[in-house]
Amino acid sequence: MDHRGTNLPAVGEYNQTVVLDAIRRRPEGITRSEIAALTALSVMTVTKVCRRLLDAGLIDEHGMRTGGPGKPAAVVKLNPAGGFAVGVHIDPAAVSYVLVDLSGAIRDHSRTGTPTAGDATAVIEEMATAIDALITGSAVDRSRVLGIGIASPGPVTVDDGVLLNPPMMPNWRRVALRSALAEATGLPVLLEKDTTATVVAELWYASPGTRRDFAFMYYGTGLGTGLSLAGEVVRGVSANAGDAGHITVDPDGDMCTCGRRGCVGYVTVPRVLVERAVRDGVLSPAEVGNLDDMSDVDAALRRLANLALDGHPAASAILADVSRALARAIVVIVNLLDIDEVVFGGPFWASIAPVVLATLSDEVRADPALVSPDPVRIVESAIPVDVAAVGAATLMLDNTFSPRPSALLLTAE
Ligand SMILES: [Zn+2]
């Protein structure tokens, strides 16, 4: 099944993506000659492309601009309701869904329970139903839905859209999610590792030229890293680039699943911090609840952070160790890539951010291993809720707009 038969033009056509991208980046409106100047396309080509985009309802005309040399020129703007994309974020804790319009504005979102609850077939059925409900509930024109982006924990094989053996998801082994979901919904589906999707989202929402070389530290059930170099997301040979989890940050630390001690992706993750808080007598087992339930873990983590903010010594010690561990990993990543910005986000980040951010920059700056003489900016993601789900949706928008060679559309079989 595929999505032909709608009046949306084929996505990915180069001139069209260039023109659309120029229009989207100028929400106040832009004329055809301005587009031509920005894109180095001829006015004739721009006019032709604009006619096609107008016919397809992706852009609208908004009056004439006068002033300056030449005759009055028609102003075009993106039509936000001209297209929509669904983003799905699969996490060990929950599956989140968002519907975004062509301008990237979030129109609706929903959330269902943990996918570990059932087998893969049942989860795909549930996902198709949730996507259908999201599209129907938001009353958008279904024929305007460009497709579905999926952000999933790695490792993945992007070409056939398979989740290999995502950590902490025991029922998910080699699930051909992309084709199964395309079949179940009749929509094109893209699949990327969650951290890659977050980087695509950061690039999508950033003002042009402001965010180019950065690492995204995704603080979820586990710690993931996504990378952008020269404004391009780094996918890697197998689309699994950026896994920094096994960087050793504490040679005397707890044993990681890889058999080594003190890996950053082990010693900083929410569950391990909460376990340590219980061991150190900061939280009682009754306060913590069920460690297999990620909402319990998040609540416990928040409690731990609040105690640290109130000056509780043992709670502060745990989060000081987190800050030091993250700083050491950041220094390795920054040194390796010569980047100057690290972006933090992810579902558990907000719980520890107020404590960790108070010391993280200083920890990085004070690290004798840091090579770059320039300051490393440590910032938080601009996307307030579920950056990975929004990222998944922007995968599809990115394919519609982005003239970059790395944009790769995988259509439904
Ligand atoms: Zn390890």
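Residues numbered from 1 in each chain as written. Predicted model: local features only at pLDDT ≥ 70, side-chain atom pairs only at ≥ 80, totals over all residues. Heavy atoms only, no water.

Here we come to helix α2 (residues 32–39). Because each turn of an α-helix spans 3.6 residues, side chains separated by three or four positions in sequence point in the same direction. Among all positions of α2, only Arg-32, Ile-35, Ala-36 and Thr-39 are buried. An end-on view of α2 places all buried positions within 100° of arc, on one side of the element. Residues of α2 that are exposed and point over 90 degrees away from its buried face: Ala-37 and Leu-38. Elements in contact with the buried residues of α2: α1 (14–24), β1 (30–31), α3 (43–55), β2 (59–65) and β3 (73–78). (Buried < 20%, exposed > 50% of the residue type's maximum accessible area, 1.4 Å probe, protein only. Helix = DSSP H or I, 4+ residues; strand = E, 2+ residues; numbered from the N terminus. Arc of directions from axis to C-beta. Contact = heavy atoms within 4.5 Å.)

What follows is about the sheet that holds strand β7 (residues 145–152). Sheet architecture is open: 5 strands sit in the order β6-β5-β4-β7-β11, paired in mixed fashion. On the outer flanks of this sheet lie β6 (106–112) and β11 (189–193), each paired with one strand and no other. Taking the axes of each pair of neighbouring strands and ignoring which way they run, one obtains an average angle of 15° across the sheet. In the sheet, strand β5 (residues 95–101) pairs with β6 via 6 bridges, with the strands oriented antiparallel. Bridge pairing in β6 places Tyr-97 opposite Ser-110. With respect to the sheet, helix α6 (residues 194–205) is in contact with β4 (84–90), β5, β7 and β11, its orientation differing from that of β11 by roughly 105°. (Pairing = 2+ DSSP bridges. Axes fitted to C-alpha atoms, helices over the stretch in contact; angles between N-to-C directions.)

Moving on, we come to the packing of α2 against α3. In contact at an axis separation of 9 Å, α2 and α3 are set at 115° when each is read in the N-to-C sense. Of the two elements, α2 crosses α3, and the hand of that crossing is right-handed. Seen from α2, the contacting residues are Arg-32, Ser-33, Ile-35, Ala-36 and Thr-39; seen from α3, they are Val-43, Val-46, Thr-47, Cys-50 and Leu-54. Residues of the contact of α2 with α3, tallied by class, amount to 6 nonpolar, 3 polar and 1 charged. (Left-handed = near helix turned anticlockwise from the far one by under 90°. Nonpolar A, V, L, I, M, F, W, Y, C, P; charged D, E, K, R; others polar.)

Quick look at unusual backbone geometry now. A positive phi angle, near 65°, is found at Ala-40, a position not held by glycine. Locating Ala-40 in the fold gives a position in the loop between α2 and α3. Given the relative accessible area of 72%, Ala-40 is considered exposed. In this structure, Ala-239 takes a positive phi of about 65° despite not being glycine. Mapping Ala-239 onto the fold places it in the loop between β14 (232–233) and α7 (264–267). Judged by its relative accessible area of 8%, Ala-239 is buried.

Moving on, we come to α1. Where burial is concerned, most of α1 is hidden: 9 out of the 11 residues are buried. Here α1 has its buried residues at Gln-16, Thr-17, Val-18, Val-19, Leu-20, Asp-21, Ala-22, Ile-23 and Arg-24.

For the rest of this paragraph, the subject is the packing of aromatic side chains. Inspection of every chain in the model, using the stated rule, returns 2 aromatic pairs. For the ring pair Tyr-219 and Trp-349, a centre distance of 6.5 Å and an interplane angle of 85° mean the geometry is edge-to-face. Pair noted here: Tyr-219 is in strand β12 (residues 214–219) and Trp-349 is in helix α12 (residues 349–366), with a separation of 130 residues, a long-range link. With respect to class, Tyr-219 is no different from Trp-349; both count as buried. Aromatic side chains Phe-344 and Trp-349 sit 4.4 Å apart centroid to centroid with 20° between the ring planes, which places their arrangement in the stacked category. The pair Phe-344 / Trp-349 is uniform in exposure class, with both members buried. Through a chain of ring-to-ring contacts, three or more aromatic side chains come together here, namely Tyr-219, Phe-344 and Trp-349. When the ring centre of Trp-204 is taken as origin, the NZ or CZ atom of Arg-24, which lies over that ring, is 3.4 Å away. (Phe/Tyr/Trp six-rings, centres within 6.5 Å; stacked < 30°, edge-to-face > 60°. Lys NZ or Arg CZ within 6 Å of the ring centre and 35° of its normal.)

A word on the side chain of Arg-32. Here Arg-32 is to be found in helix α2. A relative accessible area of 16% places Arg-32 in the buried class. Beyond its immediate sequence surroundings of up to four residues, Arg-32 is in contact with Val-46, Thr-47, Cys-50, Leu-54, Glu-61, Ala-74 and Val-76.

Our focus in this paragraph is the environment of Gly-83. Checked against the element boundaries, Gly-83 lands in the loop between β3 and β4. Placed 63 residues apart in sequence, Gly-83 and Leu-146 show a C-alpha to C-alpha distance of 6.3 Å. Each residue touching Gly-83, except ones within four places of it in the same chain, is listed here: Val-100, Asp-101, Leu-102 and Arg-144.

Pairing analysis gives 4 bridges linking strand β15 (residues 341–345) to strand β16 (residues 377–380), with the strands arranged parallel. Counted as the bridge partner of Val-342 is Ile-378 from β16. Assessed by its sense of winding, the connection that carries the chain from β15 through α12 to β16 is right-handed. (Right-handed = clockwise from strand over helix to strand, strands pointing away.)

Put simply, the protein has an average pLDDT of 86, and 88% of its residues get 70 or more. The least confident element of the protein is strand β9 (residues 162–163), whose mean pLDDT is 68; the most confident is helix α11 (residues 313–337), at 97. A low-confidence stretch, residues 1–8 (pLDDT under 50), is modelled with 21 contacts involving residues beyond four sequence positions or located in other chains. Segment residues 404–413: pLDDT under 50, and 32 contacts once partners within four positions in sequence are set aside and those in other chains are kept. (pLDDT = per-residue confidence, 0-100.)

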